[in-house]
Structures are given as C-alpha cells and as structure tokens.
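# What the coordinates show
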Protein chains: 2
Amino acid sequence: VTSFALGLPAEELFPRRAYGLALRNVLSTDPQALQYGPSSASLRENVVELMRRRGVQCDRDEVFLTSGAQQGLSLLARLLLSPGASILTEHHVYPGFQQAVQPFEPRYHTVPTDRAAGIDVDAVEHVLRRFRPAFIYVNPEGHNPLSVSMSMEARSRLAAMASEYGVPIVEDDVYGFLRYEGPDQPPMSALSRGHVFYVGSFSKTLAPALRVGWLIVPRELVPILSVLKESTDLDTGTLTQRALAAYLDRNDFAGHITRVCRAYRVRRDAMAAALRRHFGPRARWRSPTHGVFIWLDLEGDVDGRLLLERALDSARIAFVPSEAFAVPGGPQQRNGLRLNFSHCTPAAIRDGIARLAQVLDEV
Amino acid sequence: VTSFALGLPAEELFPRRAYGLALRNVLSTDPQALQYGPSSASLRENVVELMRRRGVQCDRDEVFLTSGAQQGLSLLARLLLSPGASILTEHHVYPGFQQAVQPFEPRYHTVPTDRAAGIDVDAVEHVLRRFRPAFIYVNPEGHNPLSVSMSMEARSRLAAMASEYGVPIVEDDVYGFLRYEGPDQPPMSALSRGHVFYVGSFSKTLAPALRVGWLIVPRELVPILSVLKESTDLDTGTLTQRALAAYLDRNDFAGHITRVCRAYRVRRDAMAAALRRHFGPRARWRSPTHGVFIWLDLEGDVDGRLLLERALDSARIAFVPSEAFAVPGGPQQRNGLRLNFSHCTPAAIRDGIARLAQVLDEV
C-alpha cells in the first residue's frame, strides 16, 4: 500500500547515528541515566532556546516535558476539563485530540475554517459571546487536517479574545517548525502567554520514537501538571531526556530541521505538481506553507470514504477521508481528504497521486 | 540525606553496558527504530517467557505493553472505573495506585492486612457479600508498603472469590521477581486468568528509565486498552521496545535477576540486623521474602510523621510514614514506617538505622 494516510515523518531523515552517539555518551558517563529521575533541566533549556527561535520568550520553569504531544493534550484535558464542560474547536479536528478529551465527554462548539486564513475568528467571537467553553483548541501552523496556517491577524485577534473572555487557548504547534515558505510567524504564545498553553513535540522534527514533547504554561501550573503526569506514567524516561539534551547540545539541530524542511518541500512540491496534473479542476486545494499534509476538497458529490475503499481495493492507496475529523455532534464534510506528503518518496508520491486520480475517474 | 524513602533500585546494578549495546545494535540495523510503531511482538514474546518462569501461562496476544506499571494501573482504572464506582483495597495502599484511580474519585472499601499472610481474605468476603466493587487491588509479593507476601491459601481463596462474585482482581506484581527466600509461589493470574489482571514492570528488575511495563489481560481487552493508551501517549517508544527485546534475547536476564536478588538480600539482611540491634523491642517487623521494603510497626504512641520530621532535621534520614498510605475515608495508622533497603549500600543502611534509632530515643 502507498500510504498518504498517517502523519509519519520520513525514516531516512532520522539522525540515528548522532542520537546513538548521544545515548552511548550518556550511558557510559552517567550512572543515574537508567534511574527514575526529575524532568531534565538541560533539556528544558534546549526547549527554551527552540522556543526563542519560534519567537516565544519563556524560561525553563515554564517548560513541562511530556511523553510526546499526545500526552501534553491529554494532561491539558485533565487540567482544564470537568464533566459537563464544553470546548471550542473547528469543524475539522485532529482525531488524537478528540481521543484526549473523550474521557470528559465535552460538548463541542465548532466553527468553520477559512482554507486561506485558518479558524474563523468572527465565528469564535460569536460563540464566546454566548458560551464559556473550557478552552479553544487551535493549530496555528500546518493545521491537521486542513493544512492551513493562521494569518497573523487571526492570531492577534484570537489571542486578544482569549484574554478578553478569559478562555484559554490550547495551541498545538507540532508542525510549527516545519516551514517551507512564507514569513516566520510566531505562535499565539508569543502574543499572550497567560491565556495560551503551547503544545510542542520532537516527533515531527527529530523522531517520534523518542516520545518527548513539551508544554509551555504559566509556571504555577507546572506542579499541578506534574502530579497529573505522575499519576499516568510517573515520569518521562531519564535516559531519553538526557540523551536528547546531549544530542541537542552537540549537534546543529537548526541545521537538521532545515534539511528536513528541504526534503519535505520537495515532496510537497511533487504532490502539488501531481495534483495539478492529474486532478486538475476536480479538487480544490492549496500548497501549504507548513506541516505534512495537503487537504483536498473534491468537486461534486464524491464520498471520501467510498473513494478510500476503492483506492485501497483497486490501487492500494491509503489516505484519511474528511469524516474522520468530524467531532461528535458537529457538521460532517463528506467530500474531503487528507494526504500526507512527508513519508513517501517523491517518486511514490507522483505515482500514487496518478493512481488515485484514476480511481476518482471511476467512482 | 540517607534516603530509605523511595522504592529506587540500585543504580550500580543497571546493565548499562549490555543495554547500550542493544540500543546500538537496533539503531544501526533498524531504519524503523525511531519511527512510530506497533507494540513489539518480540518484546511480548519475552514477557510470555518471563511470565512462564513466574508460573503463568499466557500468550503474546494477552500481553499489553505499557509505559511502566504506573501506566498499567492508570489504564486499568480507566477501563474498570466509572464515576461513583467503589474499589476494594487494603488499609495501606501504594500512593501511586491511589493517584491512578483518583480521577474517578472511587469510594474505598478497605480491609486489614495480616503482617504474615497478607490481605485479610475473610474481610474481603465480608465486603463482597454486601457490595460490588469495580475491582480488588492486591500486591501478591513484597506488598507496598507492608512488604508481606500473600500465603498460597489466601491467593487460592481470593482468586476463587473473584470468580464467584464476578469481581476482577488487579494484581500488581512489580516486586514478584525480587525473591530472597521461601517457595516460588505463583501469582493469582496463574490460578484464575479471566478475573485477574496482572501488572508487571521492568523497572525493579532492569531499570526504571526504560519506562516499560506490561499487563496480562484477556485478549479481548487488548484492543480496548490500545485505544485508551493511544489517547494518553500514542505508543511506547519503538526504540526502547526493540532495544529491550534485543537485550532480553542476547543476555541472561534470569542470571541478571539472580544477581540483583543476591545484592538486595545482603541489603535486606543488613537492615534486619541493624533493626534487631538498634530498635530491639521498640518496633515489630518481619524480614520480607520479596520486594524492597521493611515495614515497621512502632510500639507505643509514636507519630511516624513527627519521627520523619525529626529524622530529617537531626539525622538527615528519610523514610515514608504510615499516614502516606491511608486511603480517603479509610483508617489511618500513625505509628508505622516504610523503609527501603534496595537503594542504599549495606554500610549506609547500618549507619542510617543506627541514627534513626537515636532519633526515636529522643522523640
């Protein structure tokens, strides 16, 4: 199967050798490396430096290390939600986020997403005038699944609204470092710190198997999050934290991200060219500035789930149809699909998109 | 501070070199090692073999890998508890377990523990005749904190009751492989599989920083647990799983456990000798067959918390007083303390116990 389905990074870009050296170095010099341990101050310092490059000033006491961004979302859900709470999201929402909040069975207020500017901020304000959701969930860059990055105006307005209405924003920026073009816009955490909780991850830039992500939150929340995390998995592995800190100390991580972005830009462009060539006017889509997905709105009455069935059967192509992103009780789009471009080679992308277009012909 | 407080394994026994070689081998040969990945079948096979040595027959489809035993407990809590549920525990309960169930605010039915035979099975039956708790939580070996191992008769009776009353047992066996003397008794999972959910871990035998544990559960629960785990942290790191499997494939893990037990037995005996010498009749305690703790019931009206304060202040000794193990609404013991013997050297143990006895003199 040629899979455009998951948000997998490309294995061939993982710095296996450099990370292996970091592991070796820590294991051979640090007797505590395999013990229970506190959150690594050195790794948090590295995150502070990363955030600075992203335009966010913070210090290491505001960095809360997690076992990946998914744990960050899950802990924020536990921190912010109580039974009967509501949340504000877009119509299309990353399913992992929906899983993270599911234990609290929140009610969803949903708003549309402009395919060019991101979350519809007027619609957000309309909701906030009438309801008090526990928080607003957004992806500032490379939205999952719609792949849009929010305009700077939308960020400013939304950050101001969060303060004005006293409703926190959970800003899931796991694709924020994967930028292919356009201005380097800061996330909302750079604009309004008290009301914006930032979720970051090393999974997309470095490697998912590290299972290391982070939150940037007001420092008074760190002890509360620590207790919540302790109850779910005690701590994030000491060896991984220290080896990752050693990797970041000794390697040019900015250069690594640049190489990853260069490779993904080639893949994005290969997918865009193939879509132009094979899909033509049968779908609307935009080439994203960030992230790992291209979102297609198909013309006409095509059912994404049916297309997926056919694509798997007759062309062995996988993707995720729009219905997978609908929230409970929210509107369902049928004719959309999310295509990942980071995992397949450009050749596999060209070939896969051509075959997918053929399947669409036959539906 | 000489700390007898936490259940830390001894760092000097971690197989840093052998595990480092396993990591290196996996990183240099497996391009998927840093990618998202499914639960490792090879690691689950290794767990099946470990369980066989513990007297439990299972197969790899009944093994559910977790990010440590704490995650196992937390997922079982999510699986088995709903708001308003009650659970059955002993009066003294590992605080990490209490944290794992806390989100559901369960009501506790508590029963006493016989210091020689473990959980009071008559008292359990008395509760089960009147109530239907969501599950029973037990430590078959090296109880945390009371350090008792259940008699075989208690295991059989309790396992039979679980079936008879249809109430599952969560059997937390993280200390089950640390046996110093006495017969090698199987856990309850060997007696009644359908109603007993086993919780295991590599933290105490190998190294906590791996953050790898496992559950043995009926196979039909594995897909449900997978969804629950996905919502909290997506997966347990691929590299760790594969390196751990490689370590277990290439090394004599049974021999490693034997070496760990030999070292801990020396420490246990050092602590027991020091207690005999310095505490004499001022405390009742037993030398445990399993685990990493000695439990002291102090004679007279000594307050464990007060003793801890004084011990920290005047002798720089730490331990955990009995009140830390009381459950919400349950009975509180004031004059008990839990002493860990796995982490300090025998010399530090001898010295620390002598100083602690002096503090007790002065309270």
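So, here's what we can say about the structure. (Residues numbered from 1 in each chain as written. Chains lettered and ligands numbered in written order. Predicted model: local features only at pLDDT ≥ 70, side-chain atom pairs only at ≥ 80, totals over all residues. Heavy atoms only, no water.)

### Some details on the environment of B:Met51
Residue and element names in this part refer to chain B. Keep this limit in mind: The way it works is that DSSP assigns letters per residue, a run of H or I at least four long becomes a helix, a run of E at least two long becomes a strand, and they are numbered from the N terminus. Only heavy atoms matter for contacts: two residues are in contact if any of them lie within 4.5 Å across the pair.
Looking at the secondary structure, you find Met51 in helix H2 (residues 41-53). A sequence separation of 179 residues divides Met51 from Glu230, and the C-alpha atoms of the two residues are 25 Å apart. For Met51, the contacting residues outside a window of four places in its chain are Val56, Cys58, Tyr198, Trp214 and Ile216.

### Observations concerning a positive patch on the surface
Condition: Excluding any residue in a salt bridge, patches collect residues exceeding 30% relative accessible area, merging like charges within 9 Å and nonpolar Val, Leu, Ile, Met, Phe, Trp and Tyr side chains within 5 Å. To be clear on the numbers: accessible area is Shrake-Rupley with a 1.4 Å probe, and residue cover counts the displayed protein chains and nothing else. Salt bridges are defined by distance alone: a side-chain nitrogen of Lys or Arg within 4 Å of a carboxyl oxygen of Asp or Glu. Positive charge is attributed to Lys and Arg, negative charge to Asp and Glu, and no charge count is given to His or to the chain ends. The atoms used to mark charge sites are NZ of Lys, CZ of Arg, CG of Asp and CD of Glu.
A contiguous patch of positive charge on the surface is contributed by A:Arg17, A:Arg24, B:Arg17 and B:Arg24. By the element assignment, A:Arg17 lies in helix H1 (residues 16-29).

### Examining the interface of chain A and chain B
The accessible area lost on association of the parts is a frequent measure of interface size. Note the cut-off: Note on definitions: buried area is the accessible-area loss of two parts on being combined, 1.4 Å probe, summed for both. Pairs of N or O atoms within 3.5 Å make up the polar contacts considered here, provided that, within protein, one atom can donate a hydrogen while the other can accept it, and that residues adjacent in sequence are counted only when both atoms are side-chain atoms. Residue polarity follows a fixed list, in which Ala, Val, Leu, Ile, Met, Phe, Trp, Tyr, Cys and Pro are nonpolar, Asp, Glu, Lys and Arg are charged, and the others, Gly among them, are polar.
Facing 48 residues of chain A, the contacting portion of chain B comprises 48 residues. Summed over both sides, the interface of chain A with chain B buries roughly 3700 Å², with 57% coming from carbon and sulfur. On the surface where chain A and chain B come into contact, there are 2 salt bridges. With a closest N to O distance of 3.5 Å, B:Arg211 and A:Asp235 form a salt bridge. Inspection of the chain A/chain B interface yields 22 residue pairs in polar contact (both at pLDDT 80 or more). Elements with a minimum of two residues in the side of chain A that touches chain B: H1, helix H3 (69-80), helix H4 (95-101), helix H7 (222-233) and helix H8 (238-250) of chain A. Top contributing element to the side of chain A that touches chain B by residue count: H1(A), with 8 residues. Grouping the amino acids of the side of chain A that touches chain B by side-chain chemistry returns 20 nonpolar, 18 polar and 10 charged.

### So, the pairing of strand E8 (residues 169-172) of chain B
Residue and element names in this part refer to chain B. As a reminder of what qualifies: Burial classification: accessible surface area is computed with a 1.4 Å probe over protein chains only, and a residue below 20% of its type maximum counts as buried, one above 50% as exposed, and the rest as partly exposed. Whether a crossover is right-handed comes down to one check: with the strands pointing away from the viewer, does the path from the first strand over the helix to the second run clockwise; if it does, it is right-handed. Here, a strand pair is defined by DSSP locating no fewer than two bridges between the strands.
In E8, alternate side chains face the same way, and those of Ile169 and Glu171 on one face and Val170 and Asp172 on the other are all buried. Between the parallel elements strand E7 (residues 136-138) and E8, the chain passes through helix H6 (residues 152-165) in a crossover that is right-handed. Relative to strand E9 (residues 196-201), E8 is paired through 4 bridges, and the arrangement is parallel. Across the sheet, the residue bridging to Glu171 is Tyr198, located in E9.

### Quick look at the sheet that holds strand E12 (residues 293-298) of chain B
Residues and elements named next belong to chain B. Condition: To define axes, lines are fitted to C-alpha atoms, for helices over the stretch in contact only, and angles between the resulting N-to-C directions are given on a 0 to 180 degree scale.
Strand order in this open sheet of 4 strands is E11-E12-E15-E14, and the pairing throughout is antiparallel. Two strands in the sheet have a free side with no partner beyond their single neighbour: strand E11 (283-284) and strand E14 (320-321). As judged from the 2 bridges shared by E14 and strand E15 (residues 336-340), these two strands associate in the antiparallel manner. When the sheet's bridge partners are listed, Val320 is paired in E15 with Arg338. Along the sheet, helix H9 (residues 253-278) contacts E12 and E15; its crossing angle with E12, the most-contacted strand, is approximately 15°.

### What to know about helix H3 (residues 69-80) of chain B
Residue and element names in this part refer to chain B. Put simply, the rule is: Here, expected helix span is obtained from the residue count minus one, scaled by 1.5 Å.
With 12 residues, H3 ought to run about 16 Å at 1.5 Å a step, and its terminal C-alpha atoms sit 16 Å apart, in line with that. Among the 12 residues in H3, 9 count as buried, and that is most of the element. For H3, every residue scored as buried is listed here: Ala69, Gln70, Gln71, Gly72, Leu73, Ser74, Leu75, Leu76 and Ala77.

### Focus: the packing of helix H5 (residues 121-130) of chain A against helix H6 (residues 152-165) of chain A
Residue and element names in this part refer to chain A. The test is simple: We call two directions roughly parallel when the angle between them is under 35 degrees, roughly antiparallel when it is over 145, roughly perpendicular when it lies between 65 and 115, and oblique otherwise.
In contact at an axis separation of 10 Å, H5 and H6 are set at 10° when each is read in the N-to-C sense. Classified by the angle between their axes, H5 and H6 sit roughly parallel to one another. Between H5, through Val121, Asp122, Val124, Glu125, Leu128 and Arg129, and H6, the contact on the second element is made entirely by Ala154, Arg157, Leu158, Met161, Glu164 and Tyr165. By residue class, the composition of the contact of H5 with H6 is 7 nonpolar, no polar and 5 charged.

### Focus on the relation of the copies chain A and chain B
The second copy of the chain is related to the first by a rotation about an axis and a shift along the axis. Condition: In superposing the copies, a least-squares fit is computed on C-alpha atoms, taking residues whose pLDDT is at least 70 in both.
By a simple turn and slide, chain A fits onto chain B: the slide is 0.0 Å along the axis, the RMSD is 0.0 Å, and the turn is 180°. Given the turn and translation reported, the copies of this chain are related as if by a two-fold rotation axis. Interface overlap between copies is the fraction of interface residues in one copy that are interface residues in the other; for chain A against chain B it reaches 100%, indicating a shared surface.

### What to know about the sheet that holds strand E11 (residues 283-284) of chain A
Residue and element names in this part refer to chain A. Strand order in the open sheet made by the 4 strands is E11-E12-E15-E14, with antiparallel pairing throughout. If you trace the sheet from one side to the other, it starts and ends with E11 and strand E14 (320-321), each paired once. Helix H9 (residues 253-278) rests against strand E12 (293-298) and strand E15 (336-340) of the sheet, and its axis sits at about 15° to E12.

### Digging into the packing of aromatic side chains
All names here are of chain A. The condition is simple: When two rings of Phe, Tyr or Trp (its six-membered ring) have centres within 6.5 Å they constitute a pair, described as stacked for plane angles under 30 degrees, edge-to-face for angles over 60, and tilted for the intermediate range.
Scanning the entire structure with this criterion turns up 16 aromatic pairs over all chains. For the pair Phe97 and Tyr137, a centre-to-centre distance of 3.8 Å together with 10° between the ring planes defines the contact as stacked. Of this pair, Phe97 sits in helix H4 while Tyr137 sits in strand E7 (residues 136-138), placing them 40 residues apart in sequence. Summarising the burial analysis for this pair, Phe97 and Tyr137 share the class buried. Between Tyr175 and Phe293, the aromatic rings sit 5.9 Å apart at their centres with planes inclined by 75°, giving edge-to-face as the arrangement. Here Tyr175 is found in the loop between strand E8 (169-172) and strand E9 (196-201), whereas its partner Phe293 is found in strand E12, with 118 residues between them in sequence.

### Some points on the pattern of salt bridges
Residues and elements named next belong to chain A. Tallying each qualifying case throughout the model produces 52 salt bridges over all chains. Notably, a salt bridge pairs Arg284 with Glu299, separated by 2.7 Å at the nearest N-O pair. With Arg284 in strand E11 and Glu299 in the loop between E12 and helix H10 (304-315), this pair connects stretches of sequence that are 15 residues apart. The class for Glu299 is partly exposed, based on a relative accessible area of 37%. Here the salt bridges share partners, and the residues they tie into one network are Arg54, Glu141, Arg155, Asp173, Arg179 and Asp184.

### What about the nonpolar core?
For clarity, the cut-off: Within this scheme, the nonpolar core is defined by two criteria: the residues are buried Ala, Val, Leu, Ile, Met, Phe, Trp, Tyr or Cys, and they are joined through side-chain atoms within 4.5 Å.
Among the nonpolar cores identified, the biggest contains 204 residues, and A:Phe202, A:Trp214, B:Phe202 and B:Trp214 are the most heavily contacted of them. Considering every element that reaches this core, the biggest residue donor is H9(B), with 10 residues. Setting aside its immediate chain neighbours within four residues, A:Phe202 contacts A:Leu43, A:Val47, A:Leu50, A:Ala207, A:Leu210, A:Val212, A:Gly213, A:Trp214, A:Leu244, A:Leu248 and A:Phe253.

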